[in-house]
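# Geometric and topological summary
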Amino acid sequence: MTSRIPRDSRLRLVRPRPLAAAPRAVNQRRPRRAAPRPPEGTPAPAELARMARSGLAGAVRVARWADAALGPGRNGATADGKATLSEATARQAAAELRLGVAQVRADWDTARLAGLVEVHGDNARPGWRLRAWDRDDSAVLRGWVALFDAWSLACPEPGDQEAAAVAEVVSAMPQVLSFLQLSAGPVPVEQLLDLLRQRVTELRTARCEVPYDAQPAVPAAEPASLAGPAEASALAPLLDWALRALASVGALTYGDGQATLTPLGSWAVWVKLEQICVAAQSPAGNIEQAAEDMLRGCAQLRPNAARAEYRAWLAARPVGSAVTELLGAARGEDALLRGLAFEALRVVGAPAEPDVRAVLDEPALRPYALLWLAEHDGVDPEDAHEVLTREEATWLWVDTAAAVADHGEAPMLVRHLEAALQPTVPALLDEVRAVGHPRTVQVLVALAAAHPDPALAKAVRRAAFQVHTGGS
C-alpha cells in the first residue's frame, strides 16, 4: 500500500495566488470565546519572564556584546555571509566576555533563535526583543517561545538515524509534550517512549504506509507497527535526542530515567494548545487603545468589522499622529500587526501617502508600502503584487508566513504555500534562504511541523537547519 499523496507532485506547489490577499487571510477567524485561564499553579507572567531572562542571560550577554562591537562601520559578525560567527569574531567575543569560544558560539545560536539578534549577510543587528528585553515581559516570553519552537535545531540530531525517522519524531513530539503538560509532574522515559511509539504508528497509518522495518510475515492479529522491542530500540535514541534538545532550551528537566516540564515549558505547551482562544477586545476598548493594542484587538475580527474599528479609531485622533502611530506598530516584531497596520492605513487613504512613501527605504516595510501605493494609485488589489520584485515578494511571503505561524492554525500555514510565486518547493526554499528574513528559521520549522507530507516536511526542515547553521 502506498501513500495517497501522488509521488510525482510531493514537491510541487499549486497555482500561485496574489500575495496581496495573503495577509488578509490571517484575521479570518472563528467566532470568539472567552480567553481560557492558565492551569492552576502556573506562575504569573512576570515570574515566567524572570525565568526566561535567567535562562537566556548568556544569549542576551552575547547579543549585547555584538550590538556594541559589531555595529555599523565595524567588522562583520559572520564569515562568507553565513549565520555562524566568524572565527575571529568568536575569539574576540570570548576574550572580551571571558568565555570559551564554544560557549560564545552556543549563546550566539541561542540569541538568533530567540530573535535577540538578526543576521543579514555579513552584518548583525540587535533584534527588537533585545531592545525591549529589560522593560517588556511579553517580548521576553515571546523570545523564549521562539526558542522553544525551534527546539529541534538546538542539538545536532543523531547522525546514524534516517531523516524520515527524525521527521516523524519531530512531528510526534507535540503529543508527548502535551502528555507531559497534563501529567504535571515527572514521567518515566519508558512511558514517553511508548507514547512516542504509538504516535509514530498513527502518523504512518494516516499516510497508509507500511513501516520501513516491518517483517514479511506478520500475523493478522498483530498489525505492522512500531510496537515491538526492535522498533522501541530504534526510537529510543531519537527520544533521548528530543528530550536533551528540549532540556537545552529550558523546556524540561531530563535525568534519572524521567522527564518533567519546567514551569516555562508547561506554560508554553498550554499557550500552544490555547493560542486560538484569544479573546478580542470590545469595540470601545479598541478605539481607546494605542495603535498596537488596537490592531491586536482587531486581529480577531473579520475584515469588514476590522475596517469599521479602524475608522472609529482614526476618527478619535489627528490623522498625522494616527499615521505615525500605525507605522510605529508596523515596525515592531509582530508580522501580523505589520499587515494590519497597512490595512488601517488603507482606510486613512491619501493623507497617509507622504508617510508611506517615506518608509520605502525600510526593508521590513517596503513590500507593504509598495502594495499600499500601488492600490492608492488605482491598481487592482489582485494585481498590486506585480509591483514587487521577486526578492520583495519572497520577503513578504516569509513575513506573512511568520504572522500565520504566530497567530494562525497549522492548516492555514500549509495553505500559505499557495501564495508563493515559486512553482516548486525547492525553488521556494532556495529563494527564502537567500532573502535573509530574520524569521526564516522559525517559519520553516513551523511549516515543517505543520505539513502532512513527510517528504516536503523533510526538505523544509533541512532548509531550516541550513539557514540556522549557515550551510548551503
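Here we summarise the structure given alongside this text.

Cut-offs and rules
- Residues numbered from 1 in each chain as written.
- Predicted model: local features only at pLDDT ≥ 70, side-chain atom pairs only at ≥ 80, totals over all residues.
- Heavy atoms only, no water.
- Helix = DSSP H or I, 4+ residues; strand = E, 2+ residues; numbered from the N terminus.
- Buried < 20%, exposed > 50% of the residue type's maximum accessible area, 1.4 Å probe, protein only.
- Contact = heavy atoms within 4.5 Å.
- Areas by Shrake-Rupley, 256 points an atom, 1.4 Å probe, with all protein chains shown as cover.
- Pairing = 2+ DSSP bridges.
- Phe/Tyr/Trp six-rings, centres within 6.5 Å; stacked < 30°, edge-to-face > 60°.
- Axes fitted to C-alpha atoms, helices over the stretch in contact; angles between N-to-C directions.
- Arc of directions from axis to C-beta.
- Expected span 1.5 Å × (residues − 1).
- Polar contact = N/O pair within 3.5 Å; in protein donor to acceptor, adjacent residues only side chain to side chain.
- Core = buried A, V, L, I, M, F, W, Y, C linked by side-chain atoms within 4.5 Å.
- Parallel < 35°, antiparallel > 145°, perpendicular 65-115°, else oblique.
- Left-handed = near helix turned anticlockwise from the far one by under 90°.
- Nonpolar A, V, L, I, M, F, W, Y, C, P; charged D, E, K, R; others polar.
- Salt bridge = Lys/Arg side-chain N within 4 Å of Asp/Glu carboxyl O.

### Some thoughts on the overall build of the protein chain
- Scanning the protein chain from N- to C-terminus turns up 23 helices and 5 strands.
- The buried share of the protein chain, reckoned over its 472 residues, is 49%.
- Taking all contacts inside the protein chain whose residues are at least 6 apart in sequence as the whole, residues at least 24 apart take part in 69%.
- When the accessible area of the protein chain is evaluated, it comes to approximately 21500 Å², of which 53% is carbon and sulfur surface.

### Things to note about the pairing of strand S5 (residues 258-261)
- The pairing of strand S3 (residues 187-188) with S5 spans 2 bridges and is classified as antiparallel. Counterpart to Pro188 in the pairing with S5 is Gln258.
- As judged from the 4 bridges shared by strand S4 (residues 252-255) and S5, these two strands associate in the antiparallel manner. Paired with Gly255 across the strands is Gln258, a residue of S5.

### Here's the deal with the packing of aromatic side chains
- Under the definition given, this model contains 3 aromatic pairs.
- Between the aromatic rings of Trp151 and Trp241, the centroid separation amounts to 5.5 Å while the plane-to-plane angle is 50 degrees, which identifies the pairing as tilted. One end of the pair, Trp151, is in the loop between helix H7 (137-149) and helix H8 (163-183); the other, Trp241, is in helix H10 (residues 229-248), with 90 residues separating them in the sequence.
- Taking 5.6 Å as the distance between ring centres and 25 degrees as the angle between the ring planes, the aromatic pair formed by Phe342 and Tyr368 counts as stacked. One end of the pair, Phe342, is in helix H16 (residues 335-348); the other, Tyr368, is in helix H18 (residues 366-376), with 26 residues separating them in the sequence. The burial state of Phe342 is the same as that of Tyr368; both residues are buried.

### Things to note about the sheet that holds S4
- Read from one edge to the other, the open sheet built from 3 strands follows the order S3-S5-S4, with strand pairing classed as antiparallel. Both outer strands of the open sheet, S3 and S4, are each paired with one neighbouring strand and no more.
- Helix-sheet contacts for H8 involve S3, S4 and S5, and the interaxial angle to S5 is about 75 degrees.

### A closer look at helix H2 (residues 45-55)
- For H2, the set of buried residues is Leu48, Ala49, Ala52 and Arg53. Take H2 and look down its axis: the buried residues cluster within an arc of 140 degrees, on one side only. Across H2 from its buried face, at more than 90 degrees, point the exposed residues Ser54 and Gly55.

### Comments concerning unusual backbone geometry
- In this structure, Ala184 takes a positive phi of about 55 degrees despite not being glycine.
- Turning to its location among the elements, Ala184 is positioned in the loop between H8 and S3.
- Judged by relative accessible area, which is 71%, Ala184 ranks as exposed.
- Phi at Asp256 is positive, roughly 55 degrees, even though this residue is not glycine.
- Within the element layout of this structure, Asp256 appears in the loop between S4 and S5.

### Some thoughts on H16
- Across its 14 residues, H16 extends 20 Å between first and last C-alpha, which sits within 8% of the 20 Å expected from 1.5 Å per residue.
- With 12 of 14 residues buried, H16 lies mostly within the body of the structure.
- Taken as a whole, H16 has its buried residues at Ala335, Leu336, Leu337, Arg338, Gly339, Leu340, Ala341, Phe342, Glu343, Ala344, Leu345 and Val348.
- Two or three places before Leu336, at the opening of H16, Asp334 has a side-chain oxygen 2.9 Å from that residue's backbone nitrogen.
- Looking one or two residues past H16, Gly349 carries a phi angle of roughly 80 degrees, positive in sign.

### Comments concerning the environment of Leu239
- Here Leu239 is to be found in helix H10.
- Looking at Leu239, the relative accessible area reads 1%, which means it is buried.
- Between the C-alpha atom of Leu239 and that of Val169, which follows or precedes it by 70 residues, the distance is 7.4 Å.
- With residues up to four places along the chain from it excluded, the contact list for Leu239 reads Met173, Val189, Leu192, Leu193 and Leu196.

### Comments concerning the nonpolar core
- Of all hydrophobic cores here, the largest spans 142 residues; its most connected members are Met173, Leu295, Phe342, Leu345 and Trp397.
- Each residue touching Leu345, except ones within four places of it in the same chain, is listed here: Val323, Leu326, Leu327, Ala352, Val356 and Trp372.

### Description of the environment of Gly255
- You can see Gly255 is positioned in strand S4.
- With relative accessibility at 31%, the residue Gly255 sits in the partly exposed group.
- Separated by 66 residues in the primary sequence, Gly255 and Val189 place their C-alpha atoms 9.1 Å from one another.

### Focus on the packing of helix H15 (residues 319-330) against H16
- Taken N-terminus to C-terminus, the directions of H15 and H16 make an angle of 160 degrees; their axes are 8 Å apart at the nearest point. Judged on the interaxial angle alone, H16 and H15 are roughly antiparallel. Seen along the crossing, H15 lies across H16 with a hand that is left-handed. Contacts between H15 and H16 involve Val319, Val323, Leu326, Leu327, Ala329 and Ala330 from the former and Leu337, Arg338, Ala341, Phe342, Ala344, Leu345 and Val348 from the latter.
- Here the residues of the contact of H15 with H16 are counted per class, giving 12 nonpolar, no polar and 1 charged.

### Quick notes on the pattern of salt bridges
- Within the structure shown, the criterion is met by 26 salt bridges.
- The residue Asp134 makes a salt bridge to Arg64 at a minimum N-O spacing of 2.9 Å. Of this pair, Asp134 sits in the loop between helix H6 (128-131) and H7 while Arg64 sits in helix H3 (residues 57-69), and the two are 70 residues apart along the sequence.
- Judged by its relative accessible area of 35%, Arg64 is partly exposed.
- With its nearest N and O atoms 2.9 Å apart, the salt bridge here joins Arg331 to Glu362. One end of the pair, Arg331, is in the loop between H15 and H16; the other, Glu362, is in the loop between helix H17 (353-358) and H18, with 31 residues separating them in the sequence.

### Overview of the side chain of Thr440
- Tracing the sequence through the fold places Thr440 in helix H22 (residues 440-450).
- With near-sequence residues (within four places) excluded, Thr440 lies in contact with Val398, Val432 and Val467.

Geometric descriptors of this kind do not, in isolation, establish any biological role.
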